[in-house]
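Take a look at the letters that make up each chain.
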Amino acid sequence: YDLDAFVASLPKAELHVHIEGTLEPELMFELARRNGITLPFDSVDAIRAAYDFSNLQDFLDIYYQGADVLRTEADFYDLAIAYFARAAADTVRHAEIFFDPQTHTDRGIAYETVINGLHRAQLEAEARWGLTSGLILCFLRHLPEQAALETLEMAVPHLDKIIGVGLDSSEVGHPPSKFARVFARARALGLKLVAHAGEEGPPDYVCEALDILGIDRVDHGNRSLEDEALTQRLAASGLTLTVCPLSNHKLCVVEDMNTHPIPHMLKRGLKATINSDDPAYFGGYVNDNFLALTGLRLISRADCVTLARNSVTGSFATDARKTELL
Ligand code: HPA
Ligand code: ZN
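Per an unreviewed UniProt entry, the protein chain goes by the name Adenine deaminase and belongs to Asticcacaulis machinosus. Its UniProt record gives the protein chain a comment under Sequence similarities (unreviewed entry), which states: "Belongs to the metallo-dependent hydrolases superfamily. Adenosine and AMP deaminases family. Adenine deaminase type 2 subfamily." According to its UniProt record, the protein chain has this under Function (unreviewed entry): "Catalyzes the hydrolytic deamination of adenine to hypoxanthine. Plays an important role in the purine salvage pathway and in nitrogen catabolism."

Right, dumping it as structure tokens:
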């Protein structure tokens, strides 16, 4: 029996992937050429060599710089269709994808350019691979809440093209409570709510995301395990955690992959899932993230089944779609 082959063919949902983080160096070069932009790197290898991070901020600096090659609707379409093709090859049947409009609107790119390009790729992915998907608009937490409120209003004329809102970028010093009003507004609009919490930030940020923002799912959430009461609360509530092993290792959130918290999360009854976060920057798509753990014998075949099932049940897909995928 071959666990790698089993994982590779397991139907799964991906619930934590930033579309800007799927920009492979090859496509970055192609878009730079197409848009007449000179990159500060002279080869694909030089770009990959620069992907050596010691924390979240190191990564974010280079990730926002990379996104500068995205200028036209076709660029966003090409970015997303490349991700969908790669995800389909990993037997991802449903994907819920983050995008960061402020990274683009702050450079003068219209919200419509971003959303229309991504949306066209979603339709194509469903037609071509039967891969269903939803978009989650993330607010950049290092910017003021007022900017997040303005971004949400920008999205209102296109509300049918997103399923929810999220919170990403530099975590420490930017607690969920800073975004209480914008999340309340998103809730009133009928959107799903998620937030990155407990990646670098303390367990208290996860509590704030639950109590003040009222999130439906927690992104990362690793540091929740430091708080016994919070761990019990997450287990009892059945809230899904979108965990990203290769990201955790590359950003030094987890020092040694042998001590990755996923096995402990499963033992404690948390609804953990496995996701790729920013696969072009962290060295692997969703199956690579499973294999990073199976290769170290940290999770069993039965755990892989549980993790894949958790990804479907923890998704925001319709009940009919979930039934198809289970
Ligand atoms: N954390 C916070 N912000 C991000 C991440 C992440 O892992 N990836 C892209 N933006
Ligand atoms: Zn993330």
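Still to come is the rest of the account.
Caption draft 1: Seen up close, helix α9 (residues 180-188). Within α9, burial applies to V182, F183 and A186. Viewed end-on, α9 has its buried residues packed into an arc of 100°, placing them on one side of the element. Away from its buried face, by an angle of more than 90 degrees, α9 presents the exposed residues R181 and A188. Of the surrounding elements, those touching the buried residues of α9 are β3 (132-140), α8 (145-155), β4 (164-168), β5 (192-197) and α10 (203-213). Just past α9, the residue G190 takes up positive phi, approximately 85°.

Caption draft 2: Up close: the pairing of strand β2 (residues 92-99). Most of β2 is tucked away: 8 of the 8 residues are buried. Alignment of strand β1 (residues 12-18) against β2, held across 5 bridges, turns out to be parallel. Residue pairing across strands places V17 opposite I97, the latter belonging to β2. As paired strands, β2 and β3 are joined by 6 bridges and run parallel to one another.

Caption draft 3: Representation of the pairing of β4 within the structure. Of all the 5 residues making up β4, 5 are buried; the element is thus mostly covered by neighbouring parts of the structure. Taking every second residue as pointing to the same face, both faces of β4 are buried, with G164, G166 and D168 on one and V165 and L167 on the other. With 5 bridges joining them, β3 and β4 adopt parallel strand pairing. Note that in β4 the partner of C138 across the bridge is G166. Read from β3 through α8 to β4, the crossover connection turns out right-handed. Across 2 bridges, the pairing between β4 and β5 is parallel. Counterpart to G164 in the pairing with β5 is K192.

About the cut-offs
- Residues numbered from 1 in each chain as written.
- Chains lettered and ligands numbered in written order.
- Predicted model: local features only at pLDDT ≥ 70, side-chain atom pairs only at ≥ 80, totals over all residues.
- UniProt positions renumbered as here; feature names shortened; annotations may be inferred.
- Buried ≥ 20, exposed ≤ 12 C-beta atoms within 10 Å, placed from the backbone.
- Helix = DSSP H or I, 4+ residues; strand = E, 2+ residues; numbered from the N terminus.
- Arc of directions from axis to C-beta.
- Contact = placed C-beta atoms within 7 Å.
- Pairing = 2+ DSSP bridges.
- Right-handed = clockwise from strand over helix to strand, strands pointing away.

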